[in-house]
Amino acid sequence: VLARIACADRGGGPSGFPAGALARRYEQFHAESEVLIPAVRGALSQREVPLPTLASLVDRSQALTASHLRNTLEETEWLPAAARRLGAVAASAFGAGFGGSVWALVEAGRAREILAEWSRAYAERYPHRQAHARFFAMESPPPGACSVV
């Protein structure tokens, strides 16, 4: 597949992508879809979720988004790293790119503490963005979809 992509990945074409961009995007897509998501699913299906494994997989996903998709903002790269420094088990950006949101998985007993510190650190780092930022905690997830019509 990469050999076929290479033919169209010389840059300057109608897509406007620089040379190598399509190959990077394919590598990220393949890693995310064929390696990381199945591995996360496997980790979450275990009776005792191996949190270091989960953290490593999510960190790799976030790193590939930044290095290969190159559609993150400074804030959506900084926020997951900040959450991890504050004690989050895992954290990652998500959304359509060039904006979006960030989630962090934390121990329930520390959620409010980490949330407050994360919000404070963000306000210090990005005071010009603080008015538009929203931080919140969900202590138990809502029910998932039961059927799709």
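These numbers come from a predicted model, not from an experiment. (Residues numbered from 1 in each chain as written. Predicted model: local features only at pLDDT ≥ 70, side-chain atom pairs only at ≥ 80, totals over all residues. Heavy atoms only, no water.)

Visitor: How should I be thinking about the packing of helix 2 (residues 21-44) against helix 3 (residues 51-69) in this particular structure?
Guide: In a pair of packed helices, the angle between the axes and the distance between the axes together describe the arrangement. In contact at an axis separation of 10 Å, helix 2 and helix 3 are set at 165° when each is read in the N-to-C sense. Compared by their axis directions, helix 2 and helix 3 come out roughly antiparallel. Judged by the twist between their axes, the crossing of helix 2 over helix 3 is left-handed. Across the interface between the two elements, Arg24, Arg25, Glu27, Gln28, Ala31, Glu32, Leu36, Ala39, Val40 and Leu44 of helix 2 pack against Leu54, Leu57, Arg60, Ser61, Leu64, Thr65, Ser67, His68 and Leu69 of helix 3. For the contact of helix 2 with helix 3, the residue count by class is 9 nonpolar, 5 polar and 5 charged. (Axes fitted to C-alpha atoms, helices over the stretch in contact; angles between N-to-C directions. Helix = DSSP H or I, 4+ residues; strand = E, 2+ residues; numbered from the N terminus. Parallel < 35°, antiparallel > 145°, perpendicular 65-115°, else oblique. Left-handed = near helix turned anticlockwise from the far one by under 90°. Contact = heavy atoms within 4.5 Å. Nonpolar A, V, L, I, M, F, W, Y, C, P; charged D, E, K, R; others polar.)

Visitor: In this structure, what is going on with the packing of aromatic side chains? I would like to understand it.
Guide: Applying the stated rule across the entire model yields 5 aromatic pairs. Relative to Tyr122, the ring of Trp78 lies with its centre 6.4 Å away and its plane at 50°, an arrangement referred to as tilted. Highlighted residues: Trp78 in helix 4 (residues 74-85) and Tyr122 in helix 5 (residues 111-125), separated in sequence by 44 residues. Summarising the burial analysis for this pair, Trp78 and Tyr122 share the class buried. Every member of this aromatic cluster is reached through a ring pair, and the members are Trp78, Trp118, Tyr122, Tyr126 and Phe135. (Phe/Tyr/Trp six-rings, centres within 6.5 Å; stacked < 30°, edge-to-face > 60°. Buried < 20%, exposed > 50% of the residue type's maximum accessible area, 1.4 Å probe, protein only.)

Visitor: I would appreciate a short explanation of the packing of helix 3 against helix 4 in the present structure.
Guide: Axis separation between helix 3 and helix 4 bottoms out at 10 Å; the angle between their running directions is 160°. Taken as axis vectors, helix 3 and helix 4 run roughly antiparallel relative to one another. Judged by the sense of rotation from one axis to the other, the crossing of helix 3 with helix 4 is left-handed. Contacts between helix 3 and helix 4 involve Ala55, Asp59, Gln62 and Ala66 on the former and, on the latter, Thr76, Glu77, Pro80 and Arg84. In the contact of helix 3 with helix 4, the residues fall into 3 nonpolar, 2 polar and 3 charged.

Visitor: Sorry, what's going on with the nonpolar core here?
Guide: With 13 residues, the main nonpolar core has Trp78, Leu79, Ala83, Val102, Trp118 and Tyr122 as its most contacted residues. Residue assignment for this core shows that the elements contributing at least two residues are helix 4, strand 1 (90-94) and helix 5. The residues touching Trp78, leaving out its near neighbours within four places in the chain, are Arg85, Ala121, Tyr122, Arg125 and Tyr126. (Core = buried A, V, L, I, M, F, W, Y, C linked by side-chain atoms within 4.5 Å.)

Visitor: What's the story with the pattern of salt bridges in this structure? I'm lost.
Guide: One side chain can pair with another of opposite charge once the charged atoms of both are near each other. For the structure shown, the criterion picks out 6 salt bridges. Glu113 serves as the salt-bridge partner of Arg110, at 3.1 Å between the closest nitrogen and oxygen. Overall, Arg110 belongs to the partly exposed group, its relative accessible area being 28%. In this structure, Arg120 engages Glu117 in a salt bridge whose closest nitrogen and oxygen atoms are separated by 2.1 Å. On the criterion of helical spacing, the pair formed by Arg120 and Glu117 is a turn pair, its members being 3 residues apart in helix 5. In this structure Arg120 comes out as partly exposed when scored by relative accessible area, which is 36%. Judged by its relative accessible area of 28%, Glu117 falls in the partly exposed class. (Salt bridge = Lys/Arg side-chain N within 4 Å of Asp/Glu carboxyl O.)

Visitor: Help me out: how do you make sense of a nonpolar patch on the surface in this one?
Guide: Nonpolar side chains collect at one region of the surface, where Leu44, Val49, Leu51, Phe94, Trp103 and Leu105 lie side by side and expose about 500 Å² of accessible area between them. Relative to the helices and strands, Leu51 is located in helix 3. Judged by its relative accessible area of 38%, Leu51 falls in the partly exposed class. (Patch = residues over 30% accessible without salt bridge, like charges linked within 9 Å, V, L, I, M, F, W, Y side chains within 5 Å. Areas by Shrake-Rupley, 256 points an atom, 1.4 Å probe, with all protein chains shown as cover.)

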